[in-house]
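The residues making up each chain are set out below.
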Amino acid sequence: MRGPKHVVKRGKTPVLAAEQARELLDAIDTSTIAGLRDRAILAVMIYSFARVGAVCSMNVAFRTEATPAYYQLLMGLDKYGECEFDSTANVISYTLPEPVPARSMDDVDKGQLAYYGICAGCHAYNSRMIGPPTQIIQALYMDNPQGIADYAANPEKKRPDYPEMPPQSHLDEETRLAAAEFMLQVKR
Ligand code: HEC
């Protein structure tokens, strides 16, 4: 980053005039994140100096130019347009005249949804989570989705090193079977 070419002296204390401040800020390469950060920090510093009475010389230097529009310009905020509306009263919405019909799901959708939404919360495909891996269950139940569905509705304690599986009887029978079928064919 390049500094301003010269610093104006007023009285004994060197101060940055507004143009120099602008020049300083413009010298920062804002195409990088670091540059944007530097410019923001500098702009805030310059702005603060102009307001904090303790930094008297800076205060004097800025008092003449300090209008809100000037600071917006200084901080690069002048590129933002005015907000054109202040309420949503006149916003046109595109609500359809008729409600969209409910989406009907076939069994595949249902099973997939239940499996990923519920079973997969405890069963990962090939690693131990809260429950045993799906791969193990696939090996145990191969052609028996009904067996899975029944177990899920009414699980019994089987493995000493796993917690008990909570019953999934909140799902209807059809959904449990669909989830079981999906569980048997899922491949990862
Ligand atoms: C809150 C966690 C949890 C959820 C959700 C869950 N399970 Fe389980 N599941 C377990 C645990 C823990 C075991 C091991 C229980 C045991 O061995 O005693 C298990 C075991 C099983 C078994 C093995 C039964 C056997 O004979 O060894 C099947 C099949 C099964 N779950 C199916 C499902 C299905 C289908 C769903 C989704 C509808 C599901 N689970 C959802 C935790 C869960």
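Residues numbered from 1 in each chain as written. Predicted model: local features only at pLDDT ≥ 70, side-chain atom pairs only at ≥ 80, totals over all residues.

Quick look at the overall build of the chain
Here is step 1: If you tally the helices and strands in the chain, you get 8 helices and 2 strands.
Here is step 2: Taken from N to C terminus, the helices and strands of the chain fall in the order β-β-α-α-α-α-α-α-α-α.
Here is step 3: In the chain, which comprises 188 residues, the proportion classed as buried is 18%.
Here is step 4: Here the contacts in the chain between residues at least 6 apart in sequence split such that 54% fall between residues at least 24 apart. (Helix = DSSP H or I, 4+ residues; strand = E, 2+ residues; numbered from the N terminus. Buried ≥ 20, exposed ≤ 12 C-beta atoms within 10 Å, placed from the backbone. Contact = placed C-beta atoms within 7 Å.)

Some details on the confidence of the model for the chain
Here is step 1: On average, residues of the chain carry a pLDDT of 80, and 71% of them reach 70 or more.
Here is step 2: Per-residue pLDDT stays below 50 along residues 8–14; that stretch engages in 11 contacts with residues further than four places along the chain or on separate chains.
Here is step 3: Counting interchain partners and residues more than four positions distant, the pLDDT-below-50 stretch residues 52–63 has 17 contacts. (pLDDT = per-residue confidence, 0-100.)

Some details on the environment of Pro163
Here is step 1: With respect to the helices and strands, Pro163 occurs in the loop between helix H7 (145–153) and helix H8 (173–185).
Here is step 2: Considered as a pair, Pro163 and Gly131 are 32 residues apart in the sequence and their alpha carbons are 7.7 Å apart.

A look at the site of the ligand
Here is step 1: Lining the immediate environment of the ligand, one finds 26 residues, of which Cys119, Cys122, Gly131, Arg159 and Met165 sit closest.
Here is step 2: Broken down by secondary-structure element, the contributors of at least two residues to the shell around the ligand are helix H6 (134–141), H7 and H8.
Here is step 3: Residue composition of the shell around the ligand, by class: 18 nonpolar, 4 polar and 4 charged. (Near = placed C-beta within 6 Å. Nonpolar A, V, L, I, M, F, W, Y, C, P; charged D, E, K, R; others polar.)

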